[in-house]
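Residue-level structural notes
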Amino acid sequence: QVQLVESGGGLVQAGGSLRLSCAVSGRTFSNLAMGWFLQAPGKEREFVSAIGRSGITIYADSVKGRFTISRDNMKNTVYLQMNSLKVEDTVVYYCAVDALGRYYPTRLEKEYDYWGQGTQVTVSS
C-alpha cells in the first residue's frame, strides 16, 4: 500500500517562504515520479510542479521562478520550496505519485495514481 504523508503547510505572510514535504512509503521511491498540485475552494485541482525519476522538473507558469521541487531518494521524500508567496497562493497543496515512474514528468492529474491528504497553505497580506 502506497502512503503519502505531507507536512510543512501553515500560515505565512506575503513575501515569505514555506517548504512542503511529502514522505512516501510502500514503493521504491527512486522509481517514482512525483507531482504537486493545488486546489482552491470550489475549483478543480491544478498542476503546480513535478519531478521525474530522472530529476527532470517542470512547473506551472504561475509558480516558475518562485517554487522549486526537489527529491531526496535516501529519505523517500519530495519537497516543494515556495518563495515569494502571494495571497493567491492560499490553497490546499497535494503531493501525488506517478507509479509509472516517468523519466520526463507529466502535468496531467489523471496520470497520478496515489495522493496525499493535502496540506493547507495560508498567505496573509
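In short, a report on the structure. All values reported here derive from a predicted model rather than from experimental measurement. (Residues numbered from 1 in each chain as written. Predicted model: local features only at pLDDT ≥ 70, side-chain atom pairs only at ≥ 80, totals over all residues. Heavy atoms only, no water.)

**Quick word on the pairing of strand β3 (residues 18–25)**
Spelled out, the test is: Pairing between two strands requires that DSSP report at least two bridges joining them. Each helix corresponds to a stretch of at least 4 residues labelled H or I by DSSP, and each strand to a stretch of at least 2 residues labelled E; elements are numbered beginning at the N terminus.
As paired strands, strand β1 (residues 3–7) and β3 are joined by five bridges and run antiparallel to one another. Each residue of the ladder has a partner; that of Q3, found in β3, is S25. Relative to strand β8 (residues 77–82), β3 runs antiparallel, the two sharing six bridges. Along β8, the bridge assignment pairs L18 with M82.

**Focus: the side chain of E6**
What counts here: Relative accessibility decides the category of a residue: with a 1.4 Å probe and only protein chains considered, values under 20% of the type maximum give buried, values over 50% give exposed, and everything between is partly exposed. His is not counted here, nor are the chain ends, while Lys and Arg score as positive and Asp and Glu score as negative. In the sections that follow, a salt bridge refers to a side-chain nitrogen of Lys or Arg positioned within 4 Å of a carboxyl oxygen of Asp or Glu. Any pair of N or O atoms that falls within 3.5 Å is considered a polar contact. Within protein, one atom must be able to donate a hydrogen and the other to accept it, and sequence-neighbouring residues count only if both atoms are side-chain atoms. Residues are treated as being in contact if the distance between any of their heavy atoms lies within 4.5 Å.
With respect to the helices and strands, the residue E6 is situated in strand β1. The charged side chain of E6 is buried without a salt bridge, its nearest counter-charge being R45 at 7.7 Å. A polar atom in the side chain of E6 sits 3.2 Å from the backbone nitrogen of T119. Among residues more than four places away in sequence, those in contact with E6 are S21, C22, Y93, Y94, C95, G116, Q117, G118 and T119.

**Considerations on the environment of I56**
Looking at the secondary structure, you find I56 in the loop between β5 (46–51) and β6 (57–59). A C-alpha to C-alpha distance of 9.5 Å links I56 and A33, two positions 23 residues apart in sequence. Dropping the residues within four chain positions of it, I56 is found in contact with A50, I51, Y103, Y104 and P105.

**Quick word on the pattern of salt bridges**
With the rule as written, the count across this model stands at five salt bridges. Ionic pairing is found between R102 and D98, a salt bridge with its closest N-O pair at 2.8 Å. Looking at D98, the relative accessible area reads 0%, which means it is buried. One salt bridge connects R102 with E111, and the closest N-O pair in it is separated by 2.7 Å. In this structure E111 comes out as partly exposed when scored by relative accessible area, which is 26%. Because the salt bridges share partners, they merge into one network encompassing D98, R102 and E111.

**Focus: the state of the cysteines**
What counts here: Cysteine sulfur atoms are paired as a disulfide whenever they come within 2.5 Å of each other.
What the rule picks out here adds up to one disulfide. C22 shares a disulfide with C95; S-S distance 1.9 Å. Because the sign of the S-S torsion sets the handedness, a value of about 50° for the bond joining C22 and C95 places this disulfide among the right-handed ones. A residue pair is termed long-range when its members are at least 10 positions apart, and C22 in strand β3 and C95 in strand β9 (residues 91–98) qualify at 73 residues. As far as the burial class goes, C22 and C95 line up, both buried.

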